Amino acid sequence: IHVRASDWRRHGHHNDRHYNGVMFHVVSYGDDQAVSASGRQVPLVFLRREQTLAGMRSVAPANPVPDEVVAADLLPELTLEEAGDRRFLAKSSGFQVALRTRHPDDVLWAAVLDGLGYSRNRKGFRQLATRLPWSALAGVRDAGRALPPADIELVLLWAAGLAEKPPASSSPGAAAARLSPLPGPRPEWARAAGRPQNHPARRITAAAHLACRWQESGGPAASLESAVVAATRPVELDRSLAVFGSGPDRACLGPGRAGAIVVNAVLPGLHAIAFETGRWHLAERCLSLYRAHPKLPDNGVEREARTLLRQAGRAPAARNARDQQGLLYLYRALTTG
């Protein structure tokens, strides 16, 4: 956000690759056009005059901006593809910020846990990621060997506050003793309603299996990058995250939910890592898989977004995950602020 659009260049953002992911340049006066270091023209969004900071001295611009031009007037004209790409790049930018203070493995581990929480338990899984980041979990071993999924699950359930600490004489108990005390408050869980498959304990079982796989293959970042490079189709990447147990309802993490995690966490997270490390081929690969990802299961927000856009004279039909993300982007833009 700047007073004048020309401040973008004055502050050196046009030569700083860390600003390549900026979606909008919000200004009061449009006296210049922002261009990123990658050569992309950054769309301008103008604040109303009454929204300028209190006490700021007003300077008459060379090309005054009409008061009626605001973000909500511009967004409905975006195609779903454009809006979907903007949501993806915005997520990537958020991951880039996190990567400046945290290890890539910790960032991706937290993002995957967040995706396991759905809307009801995202807060609880975020708290779990804070209490037990990957950098701590990676050290949970027995005689130098990674613990099996069942033992990792006991450690995670204890960290989640869903089980007592395992006995000190057991492998998971010894690991828990080394991790004690855990930082942060005990996670808060919503368990009163919802599908049994979405119960936090069941999702933690899935997380334990993923953790076991990733411990054996270099951590979340290396493992997920290998899966992205090896996948010829997005559904192959979804299947690489799926976790199946035993019994009549085997899926702890089915391909459908795994696909949502791929679209919302894995691909934008790896895109951010690739961007921060200058591996443009990986960044392009992530964006390509995202754009080719088939449609995910519908949800209530998408249905409400379609209703809202129809009222605005548009009737977009989401054909794939990218279009669905575009619906969400337009919905958030039109219902917030």
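Not measured: the values here are computed from a predicted model.

The rules behind these values
Residues numbered from 1 in each chain as written. Predicted model: local features only at pLDDT ≥ 70, side-chain atom pairs only at ≥ 80, totals over all residues. Heavy atoms only, no water. Helix = DSSP H or I, 4+ residues; strand = E, 2+ residues; numbered from the N terminus. Buried < 20%, exposed > 50% of the residue type's maximum accessible area, 1.4 Å probe, protein only. Contact = heavy atoms within 4.5 Å. Areas by Shrake-Rupley, 256 points an atom, 1.4 Å probe, with all protein chains shown as cover. pLDDT = per-residue confidence, 0-100. Core = buried A, V, L, I, M, F, W, Y, C linked by side-chain atoms within 4.5 Å. Phe/Tyr/Trp six-rings, centres within 6.5 Å; stacked < 30°, edge-to-face > 60°. Axes fitted to C-alpha atoms, helices over the stretch in contact; angles between N-to-C directions. Parallel < 35°, antiparallel > 145°, perpendicular 65-115°, else oblique. Left-handed = near helix turned anticlockwise from the far one by under 90°. Nonpolar A, V, L, I, M, F, W, Y, C, P; charged D, E, K, R; others polar. Pairing = 2+ DSSP bridges.

**Some remarks on the overall build of the protein chain**
Phase 1: Helix and strand counts for the protein chain stand at 15 helices and seven strands.
Phase 2: For the protein chain, the proportion of its 337 residues judged to be buried stands at 46%.
Phase 3: A separation threshold of at least 6 residues defines the contact pool for the protein chain, and within that pool the share at least 24 residues apart is 66%.
Phase 4: By element, 53% of the accessible surface of the protein chain is carried by carbon and sulfur atoms, the whole surface being about 16,300 Å².

**Describing the confidence of the model for the protein chain**
Phase 1: Here the protein chain shows a mean pLDDT of 83. Residues at 70 or above account for 85%.
Phase 2: In this model residues 49-74 is a low-confidence stretch, pLDDT under 50, and it forms 25 contacts with partners more than four residues away in sequence or in other chains.

**Observations concerning the nonpolar core**
Phase 1: Ranked by size, the top nonpolar core spans 70 residues in total, and within it Trp109, Leu137, Leu156 and Leu267 carry the most contacts.
Phase 2: Among the elements that take part in this core, helix α12 (residues 255-277) stands out by supplying twelve residues, more than any other.
Phase 3: Those residues in contact with leucine 137, other than ones at most four positions away along the chain, are Trp109, Leu132, Ile152, Leu156, Ala211 and Gln215.
Phase 4: Of all hydrophobic cores here, the second largest spans eleven residues; its members include Met23, Leu80, Ala83 and Leu327.

**Describing the packing of aromatic side chains**
Phase 1: Applying the stated criterion to the full structure yields seven aromatic pairs.
Phase 2: Ring geometry for phenylalanine 275 versus tryptophan 280: centroids 5.3 Å apart, planes at 80°, classification edge-to-face.
Phase 3: Note on phenylalanine 275: relative accessible area 11%, which makes it buried.
Phase 4: For tryptophan 280, a relative accessible area of 44% gives the class partly exposed.
Phase 5: Each residue in the set Trp109, Trp134 and Trp214 is aromatic and connected to the rest through ring pairs, giving one cluster.

**Overview of the packing of helix α3 (residues 80-99) against helix α13 (residues 280-292)**
Phase 1: Taken N-terminus to C-terminus, the directions of α3 and α13 make an angle of 135°; their axes are 11 Å apart at the nearest point. As the angle between them shows, α3 and α13 are arranged oblique. The interaxial crossing formed by α3 with α13 has right-handed handedness. Listed contacts from α13 to Gly84, Asp85 and Phe88 of α3 are Cys286, Leu287, Tyr290 and Arg291.
Phase 2: Along the lines of polarity and charge, the residues of the contact of α3 with α13 split into four nonpolar, one polar and two charged.

**Description of the sheet that holds strand β3 (residues 44-46)**
Phase 1: Taken together, the three strands give an open sheet; going across it, the order is β1-β2-β3, and neighbouring strands pair in parallel fashion. Each edge of the open sheet carries a strand with a single partner, namely β1 (2-4) and β3. Each strand of the sheet is rotated relative to its neighbour by a mean of 45°, with strand direction disregarded.

**Looking at the packing of helix α10 (residues 220-230) against α12**
Phase 1: Two numbers describe how α10 lies on α12: the axes approach to 11 Å, and their chain directions differ by 105°. What the angle tells us is that α10 and α12 run roughly perpendicular. Residues Ala221, Leu224, Glu225 and Val228 of α10 touch α12, and the partners they reach there are Val266, Leu267, Leu270 and Ile273.
Phase 2: Among the residues forming the contact of α10 with α12, the class breakdown is seven nonpolar, no polar and one charged.

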